[in-house]
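Chain and residue survey
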Amino acid sequence: MRATVHGGPDDSAWADEERLLIRLVDELHDSAGISDELWAPLAAVFRVDQILELIALIGFYHLVSFFANSLRLPLESYGAPLPP
C-alpha cells in the first residue's frame, strides 16, 4: 500500500513485470500513447494481445475514475484506506 501511494515504478516493492505495468499506466495517463522505449520491454514480456488488453483495461479504469470523481461517489466502506 505504501508503494502505491508514495512509491514510483522503480520502488523495490514491485516485481519487474509490475514495474512495466506501472510505467504503462503512467505513460498512457500522461501521453495517451506508448513510446518505443516502453513498447520494446513490454513486448519482451507480454504478447501483443496482452498489451492490447492492458491498454483497454487501463482505459476502462480511467473511464471509471472520470465517473466516480465527477459524481463525487463516496469511498466504499469495506475498502482499505490508503496510507497518509
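Okay, so let's go over this structure.

Tallying secondary structure elements over the protein chain gives 4 helices and 0 strands in all. Along the chain direction, N to C, the helices and strands of the protein chain fall in the order α-α-α-α. By its C-alpha atoms, the protein chain is 40 × 30 × 20 Å across when sized along the principal axes. Counting the 84 residues in the protein chain, one finds 14% classified as buried. For the protein chain, contacts bridging at least 24 residues in sequence account for 36% of all contacts bridging at least 6. Accessible area of the protein chain: about 6,500 Å², with a carbon and sulfur share of 61%. Here the protein chain contributes 5 positive and 13 negative side-chain charges, whose respective centroids are spaced 5 Å apart.

Rules of the game
Residues numbered from 1 in each chain as written. Predicted model: local features only at pLDDT ≥ 70, side-chain atom pairs only at ≥ 80, totals over all residues. Heavy atoms only, no water. Helix = DSSP H or I, 4+ residues; strand = E, 2+ residues; numbered from the N terminus. Buried < 20%, exposed > 50% of the residue type's maximum accessible area, 1.4 Å probe, protein only. Contact = heavy atoms within 4.5 Å. Areas by Shrake-Rupley, 256 points an atom, 1.4 Å probe, with all protein chains shown as cover. Lys, Arg positive; Asp, Glu negative; His and termini not counted. Charge placed at Lys NZ, Arg CZ, Asp CG, Glu CD.

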